[in-house]
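A structural walkthrough
Residues per chain, in single letters:
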Amino acid sequence: MPASAGFVEVLKCSACGALDAGPREICPVCHAPALQPGKVPGAGSLLSWTVIRRPPAAFRAEGSYAVAVIELDAGVKVTGRLDSPDAGGQLGARVVLAESKNGVPVFRLA
Amino acid sequence: MRDVAITGIGSTLFGKHEGRGLESLAVEAANTALRNAGVSRKEIGALYLGNFIAGPLSGQEVLAGIVADELGLENIPCTKVEGACASGGIAFRHAVLAVSSGMCDAALVVGVEKMTHASGGQVTQALNCAMDNRSDGPSGLTFPGLFGLAWRIHAAKYGTTRDEVSSVVIKNKANGLKNPLAQLGAELTFDVIRQSQPIADPIQLYDCCPVSDGAAAIVVVAKDRVKDAPDLPIDVLASVQTRGSPRIAGHRDIVSFDATVKAAEFAYRAAGLAAKDIDFVELHDCFSMAEIIDSEDLGLVPRGMGAKWAAEGRTRVGGDIPINPSGGLLAKGHPVGATGVGQLYEAVLQLRGLHANQVKDAGIGMTHNLGGSGIACTVSILKRPDV
């Protein structure tokens, strides 16, 4: 596997430097309307995951898929996907960004 | 602030009401509550109606005014309240505020939802309106999924097992068998639950509350204006409301909801009570794992012990802290906007000593209603007047 993990798109406050998973209107730390698009390395650890077997109507065509909450090493928590419904791992497992699909980061076990 | 009491209560059955609309259910519950409230319709100074998804599922809004018109109330302020699954609890709190502040002497609370006419996909999609759809929604997460995420963390931190979680389901389903309003009481076994369909791993079918129709109603009255109530008026010691993060990733810890922790803290303080004083609780068990987290967040069960206490029988009627003697959302049903009001209905019956699954000597009861992924919460504490 390549060492590069790709980058996850986040928001960065140009006033105070805070990072946020977004989308958001104003900085959650200093409240300045100064959030700008930014990127952080797509490496982190698996906080938890589940396999959605009864999707809402909008996702029905996809069948089962795994949703995960990832704590990125940059200090931002994001809700995303794992790359396969059988991809699950131990909580705390290392993950890297595999791709971004419709703006949702998709991770795989590192 | 004036003291407030609940005098009138009403409820439909929770379950499938084929061919009946939201208005019909709401009016049935509200008219029952009004007829046994000991106040005239002219004295009702405000109506708060809790509802979540009448818009997407039935194409009907302005329900508060429609219901007031049906009931023959005056030209009073009629407000529909929305806070996802906490809509009913929030409606109650606003009615209590309207009376305790002196704005009016009596107020009507109604909670209503109609869901069973829609397809499973439509219902899931409509319920997903309770997420922050800028962030969690696009991932395809669902509410069972949220509690699947929570389950894995609870299991890793506290060693919680499938069968311990099943103890919550078995207890609530058995309680539901005794409740004449309940939709899905049942006698279940660990095996049946273990073999049920997977929904959002590790959540399985029996870990989920059913899709329901139903309505419940409550009349609150200033205590110094309670005169001819036919049934025992029940004191409202506290009714508080908080918010938490709209996003999964915004929670510090996915096995605890800040909104519940804070609401419990404020409610205990307002009532001058502690967790040990609570005789029973009706809490928001939309999923088995939710009951476990809620019971810990409310301080009723030690942190990490929610499932183990259920397995040891400490949360059943007759145990240390009876949780959901009504059957809870898992067995009684979860007509979303009605649920918080339905919990208060159950608590009033317990405190009057009239419940079909009575907690012995119940003097102080708590209700807990949680909305979305922990974005909105209400906690109320009620008391029998002679305690």
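Everything here concerns the structure above.
Basis of the calculations
- Residues numbered from 1 in each chain as written.
- Chains lettered and ligands numbered in written order.
- Predicted model: local features only at pLDDT ≥ 70, side-chain atom pairs only at ≥ 80, totals over all residues.
- Helix = DSSP H or I, 4+ residues; strand = E, 2+ residues; numbered from the N terminus.
- Rg over C-alpha atoms; globule rule 2.2 N^0.38 Å.
- Buried ≥ 20, exposed ≤ 12 C-beta atoms within 10 Å, placed from the backbone.
- Pairing = 2+ DSSP bridges.
- Expected span 1.5 Å × (residues − 1).
- Contact = placed C-beta atoms within 7 Å.
- Nonpolar A, V, L, I, M, F, W, Y, C, P; charged D, E, K, R; others polar.
- Axes fitted to C-alpha atoms, helices over the stretch in contact; angles between N-to-C directions.
- Parallel < 35°, antiparallel > 145°, perpendicular 65-115°, else oblique.
- Left-handed = near helix turned anticlockwise from the far one by under 90°.

**As for the overall build of chain B**
Each helix and strand counted, chain B has 13 helices and 11 strands in total. At 19 Å, chain B has a C-alpha radius of gyration in line with the 21 Å of a compact globule built from 387 residues. Principal-axis analysis of the C-alpha atoms gives chain B an extent of 55 × 45 × 35 Å. A buried classification covers 64% of the 387 residues belonging to chain B.

**Some details on the sheet that holds strand β1 (residues 7–13) of chain A**
All names here are of chain A. On the basis of which strands lie adjacent, the open sheet formed by three strands has the order β2-β1-β3 and antiparallel pairing. This sheet does not close on itself; its edge strands, each paired only once, are β2 (19–20) and β3 (35–41). Across two bridges, the pairing between β1 and β2 is antiparallel. Counted as the bridge partner of K12 is L19 from β2.

**Focus on helix α6 (residues 143–158) of chain B**
When the terminal C-alpha atoms of α6(B) are compared, their 22 Å separation across 16 residues agrees well with the 22 Å that a helix rising 1.5 Å per residue should span. Looking only at α6(B), the buried set comprises F143(B), P144(B), G145(B), L146(B), F147(B), G148(B), L149(B), A150(B), W151(B), R152(B), H154(B) and A155(B). Among the structural elements, β4 (43–52) and β5 (65–72) of chain A together with α5 (120–127), β5 (198–200), β6 (203–204) and α10 (288–297) of chain B are those in contact with the buried residues of α6(B). Where α6(B) ends, the next residue or the one after it, G159(B), has phi of about 75°, a positive value.

**A few points about the pairing of strand β7 (residues 94–101) of chain A**
Residue and element names in this part refer to chain A. The sheet contact formed by β4 and β7 spans three bridges and is antiparallel. Of the residues in β7, the one forming a bridge with G44 is V95. Adjacent in sequence and paired antiparallel, β7 and strand β8 (residues 104–109) are bridged by two residues, among which N102 carries a positive phi angle near 50°.

**Comments concerning the environment of G44(A)**
Residues and elements named next belong to chain A. Of note, G44 is situated in strand β4. Remark: the alpha-carbon pair of G44 and I70, spanning 26 residues in sequence, is separated by 6.4 Å. Excluding its chain neighbours within four sequence positions, the residues that come into contact with G44 are I70, E71, L72, D73 and V95.

**Focus on the interface of chain B and chain A**
Taken together, the contact between chain B and chain A spans 26 residues of the former and 27 residues of the latter. Every element with two or more residues in the side of chain B that touches chain A is listed here: α5, α6 and β5 of chain B. If you tally residues by element for the side of chain B that touches chain A, the top one is α6(B), at six residues. In the side of chain B that touches chain A, the residues fall into 11 nonpolar, 11 polar and four charged.

**Topic: the sheet that holds strand β1 (residues 4–11) of chain B**
Residue and element names in this part refer to chain B. Taken together, nine strands build an open sheet; the order of strands is β3-β2-β4-β7-β1-β8-β11-β10-β9 and the sheet is mixed. Every other strand in the sheet has two partners, leaving β3 (78–81) and β9 (280–282) as the edge strands with one partner each. Pairwise comparison of adjacent strand axes, ignoring direction, gives a mean angle of 25° for this sheet. Bridge analysis of strand β10 (residues 364–371) against strand β11 (residues 376–383) gives eight bridges, and the strand direction is antiparallel. Across the sheet, the residue bridging to T367 is S380, located in β11. Sitting on the sheet, helix α4 (residues 87–100) touches β1, β2 (44–50), β3, β4 (106–113), β7 (214–222), β8 (234–243), β10 and β11, and the angle it makes with β2 is about 165°. Along the sheet, helix α13 (residues 336–351) contacts β1, β2, β4, β7, β8, β9, β10 and β11; its crossing angle with β4, the most-contacted strand, is approximately 125°.

**Thoughts on unusual backbone geometry**
A cis amide bond, omega -10°, links G22(A) with the succeeding residue P23(A). Among the structural elements, P23(A) can be located in the loop between β2 and β3. Residue P202(B) follows D201(B) across a cis peptide bond; omega there is -5°. Mapped onto the elements of the fold, P202(B) is located in the loop between β5 and β6. With phi around 50°, N102(A) is a residue other than glycine that occupies positive phi space. The backbone of D361(B) shows a phi angle near 55°, a positive value even though the residue is not glycine.

**Topic: the packing of helix α1 (residues 22–35) of chain B against helix α3 (residues 63–71) of chain B**
All names here are of chain B. Two numbers describe how α1 lies on α3: the axes approach to 10 Å, and their chain directions differ by 55°. With respect to their mutual orientation, α1 and α3 come out oblique. Taken as a pair, α1 and α3 cross one another with a handedness that is right-handed. On the side of α1, the interface is formed by L22, E23, A26, V27, A30, N31 and L34, while α3 contributes L63, I66, V67, E70 and L71. Along the lines of polarity and charge, the residues of the contact of α1 with α3 split into nine nonpolar, one polar and two charged.

By themselves, these are just geometric observations and shouldn't be taken as functional.
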